[in-house]
Amino acid sequence: MQADVAIIARSGAADLVRSAAALILDVDGTLAETEELHRRAFNHAFARHGLDWHWDRASYKDLLRVTGGKERIRAFHTRQWVAPPLSDADIAELHRVKTAHYAELVETGCCALRPGVTDLLASAKARGQRLAIATTTSHGNIDALLSRALGARWAADFDAIVAGDDVRHKKPAPDVYLDVLARLKLAPSDCVAIEDSANGLIAASRADIPVLITRSMFFQDDDFSAARFVLDDLSELAVK
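For clarity, every value in this text was computed on a predicted model and none was experimentally measured.

Definitions and limits used
Residues numbered from 1 in each chain as written. Predicted model: local features only at pLDDT ≥ 70, side-chain atom pairs only at ≥ 80, totals over all residues. Heavy atoms only, no water. Salt bridge = Lys/Arg side-chain N within 4 Å of Asp/Glu carboxyl O. Helix = DSSP H or I, 4+ residues; strand = E, 2+ residues; numbered from the N terminus. Buried < 20%, exposed > 50% of the residue type's maximum accessible area, 1.4 Å probe, protein only. Pairing = 2+ DSSP bridges. Lys, Arg positive; Asp, Glu negative; His and termini not counted. Phe/Tyr/Trp six-rings, centres within 6.5 Å; stacked < 30°, edge-to-face > 60°. Axes fitted to C-alpha atoms, helices over the stretch in contact; angles between N-to-C directions. Contact = heavy atoms within 4.5 Å. Parallel < 35°, antiparallel > 145°, perpendicular 65-115°, else oblique. Left-handed = near helix turned anticlockwise from the far one by under 90°.

J.: Give a detailed account of the pattern of salt bridges, specifying residues and quantitative values.
T.: Counting across every chain of the model gives 18 salt bridges. Asp 26 serves as the salt-bridge partner of Lys 171, at 3.0 Å between the closest nitrogen and oxygen. A residue pair is termed long-range when its members are at least 10 positions apart, and Lys 171 in the loop between β3 (160-162) and α8 (175-184) and Asp 26 in the loop between β1 (22-25) and α2 (35-48) qualify at 145 residues. There is no split in this pair, since Lys 171 and Asp 26 are both buried. When the shortest N-O distance is used, the salt bridge between Lys 170 and Asp 165 registers 3.9 Å. Overlapping salt bridges bring together Lys 70, Glu 71, Asp 165 and Lys 170 as one network.

Structural data, given as structure tokens:
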């Protein structure tokens, strides 16, 4: 019975994706398991600045509820009850060092795209579907990952790329999705959002976009009951 349910879910998810005019993709956790590299890069930046901070996987998983790298640093510092607070300039510099080290880690080739992502992008292009990105990460982080994975001209395949710094409010606010819809000039029902986290699901749902979840390492236990379909990874879309 469970096998039959899984087959039906995969078939339904594949039909949903094929029928969309546009696929709107999250990046971290969705296209690649990048969060562990982000965690290592944060710790590198803290050490470089002489801060006695270390984010292990458990604490980082909790901090991921705060969207945005600079916001995450601020939230963690606030929880330490340490005065004086870090200035905006201090946080910006920490984040700059973190972002640079993240790009260095990605460049080693240690972070491949998740199963099924390359096939999904190729199939969408062959079907004439439009592609977009809606993410809370920075443009620099997107480019570091996708330049390595898809080549230097990767952005030409996407009709809209909206990052966290492009909007006033990050996920779970719907801002990135609303911006993408405006750029694509499409209705929410014409699109499918592909996400890996509850914050992403909430953001897309608030923009009235149907959501397909692909579970990732740090968000396995999130509540995805509002998603249209939930898959372990995107290779499950290759149903016969």
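That shown, we press on.
J.: With reference to specific residues and values, describe the pairing of β1.
T.: In β1, alternate side chains face the same way, and those of Ala 22 and Ile 24 on one face and Leu 23 and Leu 25 on the other are all buried. Pairing of β1 with strand β2 (residues 130-134) involves four bridges; the strand directions are parallel. Bridging across to β2, Ile 24 finds its partner in Ala 132. Where β1 lies against strand β4 (residues 191-195), four bridges are found, and the strand directions are parallel. Its bridge partner lying in β4, Ala 22 is registered against Cys 191.

J.: Tell me about the side chain of Lys 98, and name the residues and values.
T.: With respect to the helices, strands and loops of the structure, Lys 98 is situated in helix α5 (residues 88-107). Put simply, Lys 98 is tucked away with no salt bridge, and the nearest opposite charge, on Asp 28, sits 6.7 Å away.

J.: Explain the packing of aromatic side chains to me, and be specific about the residues and the numbers.
T.: Under the criterion given, the structure shown has ten aromatic pairs. Relative to Tyr 60, the ring of Phe 42 has its centre 6.1 Å away and its plane inclined at 50°; by these criteria the two rings are tilted. Residue Phe 42 is located in helix α2, and its partner Tyr 60 is located in helix α3 (residues 57-63); the two are separated by 18 residues in the primary sequence. Pair check on accessibility: Phe 42 and Tyr 60 agree, each one buried. Ring plane angle 75° and centroid distance 4.9 Å describe the contact between Trp 53 and Phe 76, whose orientation is recorded as edge-to-face. Residue Trp 53 is located in the loop between α2 and α3, and its partner Phe 76 is located in helix α4 (residues 69-79); the two are separated by 23 residues in the primary sequence. This pair shows no difference in class: Trp 53 is buried, exactly as Phe 76 is. Among the aromatic residues, those joined into a ring-pair cluster are Phe 42, Phe 46, Trp 53, Trp 55, Tyr 60, Phe 76 and Phe 218.

J.: Explain the sheet that holds β4 to me, and be specific about the residues and the numbers.
T.: Strand order in the open sheet made by the six strands is β3-β2-β1-β4-β5-β6, with parallel pairing throughout. Two strands in the sheet have a free side with no partner beyond their single neighbour: β3 and β6 (229-231). Recorded for the sheet is a direction-independent mean angle of 20° between the axes of neighbouring strands. Strand direction decides the pairing type here: β4 and strand β5 (residues 211-214), joined by three bridges, are parallel. Residue pairing across strands places Ile 194 opposite Leu 212, the latter belonging to β5. Running at roughly 150° to β1, helix α6 (residues 117-127) makes contact with β1, β2 and β4 of the sheet.

J.: Explain the packing of α4 against α5 to me, using residue names and the numbers behind them.
T.: The geometry of a pair of packed helices is captured by two quantities: the angle between their axes and the separation between those axes. Running from N to C, α4 and α5 point in directions that differ by 120°, and their axes come no closer than 9 Å. Comparing their axes, α5 and α4 come out oblique. As α4 packs across α5, the resulting crossing turns out to be right-handed. Contact residues: α4 offers Gly 69, Lys 70, Ile 73 and Arg 74, while α5 offers Asp 88, Ile 91, Ala 92, Leu 94 and His 95.

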